[in-house]
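Observations on the model geometry
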Amino acid sequence: AQKVTQAQTEISVVEKEDVTLDCVYETRDTTYYLFWYKQPPSGELVFLIRRNSFDEQNEISGRYSWNFQKSTSSFNFTITASQVVDSAVYFCALSAYNISGSARQLTFGSGTQLTVLP
Amino acid sequence: ETGVTQTPRHLVMGMTNKKSLKCEQHLGHNAMYWYKQSAKKPLELMFVYNFKEQTENNSVPSRFSPECPNSSHLFLHLHTLQPEDSALYLCASSQDRGLDTEAFFGQGTRLTVV
């Protein structure tokens, strides 16, 4: 069975601090994708990044960076020099096939509420 | 503008009422989804439609009834709900059901059952 764990329920930082959001996943599949989504107060989840299981290169996009480590089944997300506008709920998700292999299953973690204080 | 529009944004209903949630996407996607988001819990996938056909129903109670008349529209019909059904209901769509396909979400309907 697929599972995504985001152990940090809530994090508060002061603006300009760096912050890392943790994500640990479980799957028996060797082929899968990992995603991060941001949910601002307006409600819609916004896609941030996708990473496939065969690509362990870390990725940087502006102030955002992602560290994928298959050895620890983790896909952590770091925001550098955080800003108030980064305040949101962040979800990690795993895309893999269901038990019967008949369909893709997208499993979300419970999310981390990030609050950036001015 | 996310490309996925949900109405209404907020809904308060009594346990004996019947109401419907609407979702519309203008992205040309073939798959549409209903998710339930409760506080501090993972998003729960409720239903999946692919090319207008329901492909998944994750043990959702029959008081929730989905309808997909075409690839652009998805409804969730509600009747005789319980207070524990209060949550944010999110609609999403994706181009297809591939492993790498990201989903696009609407802003959700905040449902309160009284």
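Figured I'd write up the structure that's included with this text. Numbers given to residues run from 1 along each chain, matching the order in which its sequence is written. Chains carry letters from A onward and ligands carry numbers from 1 onward, assigned in written order. Per-residue local features of the predicted model are confined to residues with pLDDT of at least 70, and side-chain atom pairs are confined, for both listing and counting, to 80 or more; whole-chain, interface and lining totals are unaffected and use all residues. With hydrogens and water excluded, all non-hydrogen atoms of the structure serve as input to the side-chain values.

1. Looking at the sheet that holds strand β7 (residues 64-70) of chain B
Residue and element names in this part refer to chain B. Paired strands are those between which DSSP finds at least two bridges. In DSSP terms, a helix is any run of H or I states spanning at least four residues, a strand is any run of E spanning at least two, and both are numbered starting from the N terminus. Judged by pairing direction, the sheet is antiparallel, and its 4 strands sit side by side in the order β1-β3-β8-β7 without closing on themselves. Because the sheet does not close on itself, it has two edges, and the strands there are β1 (4-7) and β7. The average undirected angle you get between the axes of adjacent strands in this sheet is 20°. Direction of pairing for strand β3 (residues 18-25) relative to strand β8 (residues 73-79): antiparallel, over a ladder of 7 bridges. The partner of Cys23 across the bridge, within β8, is Leu74. To define axes, lines are fitted to C-alpha atoms, for helices over the stretch in contact only, and angles between the resulting N-to-C directions are given on a 0 to 180 degree scale.

2. A few points about the interface of chain B and chain A
Chain B puts 22 residues into the contact, and the matching count from chain A is 24 residues. Accessible area that two parts lose when put together, evaluated with a 1.4 Å probe and summed over both, is termed the buried area. When chain B packs against chain A, close to 1,900 Å² is buried across both sides, 57% of that on carbon and sulfur atoms. Among the residues chain B hides against chain A, the three largest losses belong to Leu99, Glu102 and Phe105 of chain B. Together they make up 33% of the total. Each reported salt bridge corresponds to a side-chain nitrogen of Lys or Arg within 4 Å of a carboxyl oxygen of Asp or Glu. Residues Glu102 of chain B and Arg50 of chain A are paired through a salt bridge, measuring 2.6 Å at the closest nitrogen-oxygen approach. In the analysis that follows, any N or O atom pair within 3.5 Å is treated as a polar contact, provided that within protein one partner can donate a hydrogen and the other can accept it, and provided that, for residues neighboring in sequence, both atoms belong to side chains. Between chain B and chain A we count 9 residue pairs in polar contact (both at pLDDT 80 or more) in total. Breaking the side of chain B that touches chain A down by element, the ones donating at least two residues are β4 (31-37) and β9 (87-94) of chain B. Residue composition of the side of chain B that touches chain A, grouped by class: 8 nonpolar, 6 polar and 8 charged. The contact rule is simple, with two residues in contact once any of their heavy atoms fall within 4.5 Å. Under the convention adopted here, Pro, Cys and the residues Ala, Val, Leu, Ile, Met, Phe, Trp and Tyr are nonpolar, Asp, Glu, Lys and Arg are charged, and Gly plus all remaining residues are polar.

3. Some details on the packing of aromatic side chains
Working definition: an aromatic ring pair is given by the centre-to-centre distance plus the angle between the planes. Stacked, tilted and edge-to-face are the three classes applied to pairs of Phe, Tyr and Trp rings, where Trp contributes its six-membered ring and a pair requires centres within 6.5 Å; stacked means planes under 30 degrees apart, edge-to-face means over 60, and tilted covers the rest. Taken as a whole and assessed by the stated rule, the structure comprises 19 aromatic pairs over all chains. On the numbers, 5.6 Å between centres and 80° between planes, the contact of Tyr37 of chain A with Phe105 of chain B is edge-to-face. Placement of the pair is Tyr37 of chain A in strand β5 (residues 33-39) and Phe105 of chain B in strand β10 (residues 104-105), with the two residues belonging to separate chains. Judged by relative accessible area, which is 0%, Tyr37 of chain A ranks as buried. Three labels apply to residues, based on accessible area from a 1.4 Å probe with only protein chains included: buried if under 20% of the type maximum, exposed if over 50%, partly exposed otherwise in between.

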